[in-house]
Amino acid sequence: MDLFWRIAEEKIQKAYQDGEFRNLKGMGKPLNLKDDSGIPEDLRMAYHILENAGFSPDEAELKKEIMTTQDLMKNCLNDEERKQFEQALSKKLLQYNSLLAKKRIRTNSSVFKNYQRKLEDRLLK
């Protein structure tokens, strides 16, 4: 293994001397290092993968709230309360669609709705 590191170091030094590291994208800018110390070590890779895939905790939280509101609305016997739940659900759906629109995800397409339904069925069973 020591041989591998020595060869790698030699190649890096040669590339540096040849100027191959000049004018790289992001040169001179601070690194964007995220503090993941609050995430358990065994879950960090999963969180990193989800983040790279475009998943956001805000989106997940809002989705939970939407599903909870839908459940409350379905089981509500009082018409006045049901109207309040419908209004709350409309607000949450607008927020959710706005979050997805920022990511350029079209939420009104039938493909998206079908995919969303399949995910919910799989995850909620």
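Residues numbered from 1 in each chain as written. Predicted model: local features only at pLDDT ≥ 70, side-chain atom pairs only at ≥ 80, totals over all residues. Heavy atoms only, no water.

(A) Region of the structure containing the overall build of the protein. When helices and strands are tallied, the protein shows 5 helices and 0 strands. Ordered by position in the sequence, the α and β elements of the protein form the string α-α-α-α-α. Taking all 125 residues of the protein together, the buried fraction comes to 15%. Relative to all contacts within the protein whose residues are 6 or more apart in sequence, the contacts with residues 24 or more apart total 43%. Of the roughly 11,400 Å² of accessible surface on the protein, a fraction of 55% belongs to carbon and sulfur atoms. (Helix = DSSP H or I, 4+ residues; strand = E, 2+ residues; numbered from the N terminus. Buried < 20%, exposed > 50% of the residue type's maximum accessible area, 1.4 Å probe, protein only. Contact = heavy atoms within 4.5 Å. Areas by Shrake-Rupley, 256 points an atom, 1.4 Å probe, with all protein chains shown as cover.)

(B) Examining the side chain of E59 more closely. Inspection of the secondary structure assignment puts E59 in helix α3 (residues 57-74). Exposure remark for E59: the relative accessible area of 13% places this residue in the buried category. Those residues in contact with E59, other than ones at most four positions away along the chain, are G54, Y96, L99, L100 and K103.

(C) Up close: the packing of aromatic side chains. Counted under the stated rule, the structure contains 2 aromatic pairs. Both rings, one in F4 and one in W5, keep their centres 5.3 Å apart while their planes meet at 75 degrees; by these two values the pair is edge-to-face. Exposure remark for F4: the relative accessible area of 52% places this residue in the exposed category. Taking the relative accessible area as the measure of exposure, W5 reaches 54% and is therefore exposed. Summarising the aromatic geometry, the rings of Y16 and F21 are spaced 6.4 Å apart at their centres and angled 35 degrees between planes, so their arrangement reads as tilted. Exposure remark for F21: the relative accessible area of 36% places this residue in the partly exposed category. One residue, K63, lies across the ring of Y96, its end atom 5.4 Å from the ring centre. (Phe/Tyr/Trp six-rings, centres within 6.5 Å; stacked < 30°, edge-to-face > 60°. Lys NZ or Arg CZ within 6 Å of the ring centre and 35° of its normal.)

(D) Representation of a nonpolar patch on the surface in the model. Together, I12, Y16, F21, L24 and M27 give the surface a local cluster of nonpolar side chains, amounting to about 540 Å² of exposed area. Mapped onto the secondary structure, M27 falls in the loop between α1 (2-17) and α2 (44-52). We classify M27 as exposed; its relative accessible area is 54%. (Patch = residues over 30% accessible without salt bridge, like charges linked within 9 Å, V, L, I, M, F, W, Y side chains within 5 Å. Salt bridge = Lys/Arg side-chain N within 4 Å of Asp/Glu carboxyl O.)

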